[in-house]
Amino acid sequence: TGYPVRDGLILTARHVLYCEKMNAASERVLSWQRSDESQPYYVTKIQQSAIVFESVEFDVVLVACDTEPLGKIPAVLDTSFPVSGVDQVRWNSFGYPRAGKEAGIRIKTPAKGTFFPPNRDYYVQQLTSEGNATESALWKGMSGAPVFRSDTNKLVGVLIRTPTKYQDT
């Protein structure tokens, strides 16, 4: 899963492009799917030269590609950490997890939850999830999915991993 952050630029998790099981020399492609269709409607090849920014440490990558078929890019980046207080700050997202398969095809699946209080000394923002995947492996495919603050609809990050040592809830 990836998300356009401006015309011609996609944000996703770096490991989406460099999966351990993937041949490093193999071709990577982005396929765009309309929410009302089950098949991709637009596919573009990703060349190494298309990578504008990548960070192994933060597990993010910005990729230059043609986003014109997607129409207007609505993302607005947030400039601050969500802060939990008396009221829980909520988040929402969507992606293509294994848990969202129907007839062998991954479908666009919503996700939501709340933010834990941020650790300002660490780049990872932990989240609670109200999703109903029965085990963490079923969340695979959500990597790179956008994370929006529910109260502002601003993009605050991308999903990069699911804990494997906590109880799935």
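A. Inspection of the environment of M142 at higher detail. Checked against the element boundaries, M142 lands in the loop between β10 (109-114) and β11 (146-149). Sequence spacing of M142 and V158 is 16 residues, and the spatial spacing of their C-alpha atoms is 9.1 Å. Residues in contact with M142, not counting those within four places in the same chain, are T1, S93, F94, G95, Y96, P97, T109, A111 and L159.

B. Expanded view of the pairing of β11. Neither face of β11 is exposed, since P146 and F148 on one face and V147 and R149 on the opposite face are all buried. As paired elements, β11 and strand β12 (residues 155-158) share three bridges and run antiparallel to each other. Bridged to V147 within β12 is G157. As consecutive antiparallel partners, β11 and β12 are separated by five residues, and within that stretch N153 has a phi angle of approximately 60°, a positive value.

C. Looking closely at unusual backbone geometry. Even without being a glycine, D59 presents a positive backbone phi close to 55°. One can find D59 in the loop between β5 (51-55) and β6 (60-64). Using a relative accessible area of 14% as the deciding quantity, one classes D59 as buried. Backbone geometry at N153 places phi at a positive 60°, although glycine is not the residue there. Note on placement: N153 falls in the loop between β11 and β12. On the accessibility criterion, N153 (51% relative accessible area) is exposed.

D. Inspection of a positive patch on the surface at higher detail. Residues K21, R98, K101 and K140 make up a contiguous surface patch of positive charge. Looking at the element boundaries, K21 is found in the loop between α1 (14-17) and β3 (28-32).

What counts as what
- Residues numbered from 1 in each chain as written.
- Predicted model: local features only at pLDDT ≥ 70, side-chain atom pairs only at ≥ 80, totals over all residues.
- Heavy atoms only, no water.
- Helix = DSSP H or I, 4+ residues; strand = E, 2+ residues; numbered from the N terminus.
- Contact = heavy atoms within 4.5 Å.
- Buried < 20%, exposed > 50% of the residue type's maximum accessible area, 1.4 Å probe, protein only.
- Pairing = 2+ DSSP bridges.
- Patch = residues over 30% accessible without salt bridge, like charges linked within 9 Å, V, L, I, M, F, W, Y side chains within 5 Å.
- Areas by Shrake-Rupley, 256 points an atom, 1.4 Å probe, with all protein chains shown as cover.
- Salt bridge = Lys/Arg side-chain N within 4 Å of Asp/Glu carboxyl O.
- Lys, Arg positive; Asp, Glu negative; His and termini not counted.
- Charge placed at Lys NZ, Arg CZ, Asp CG, Glu CD.

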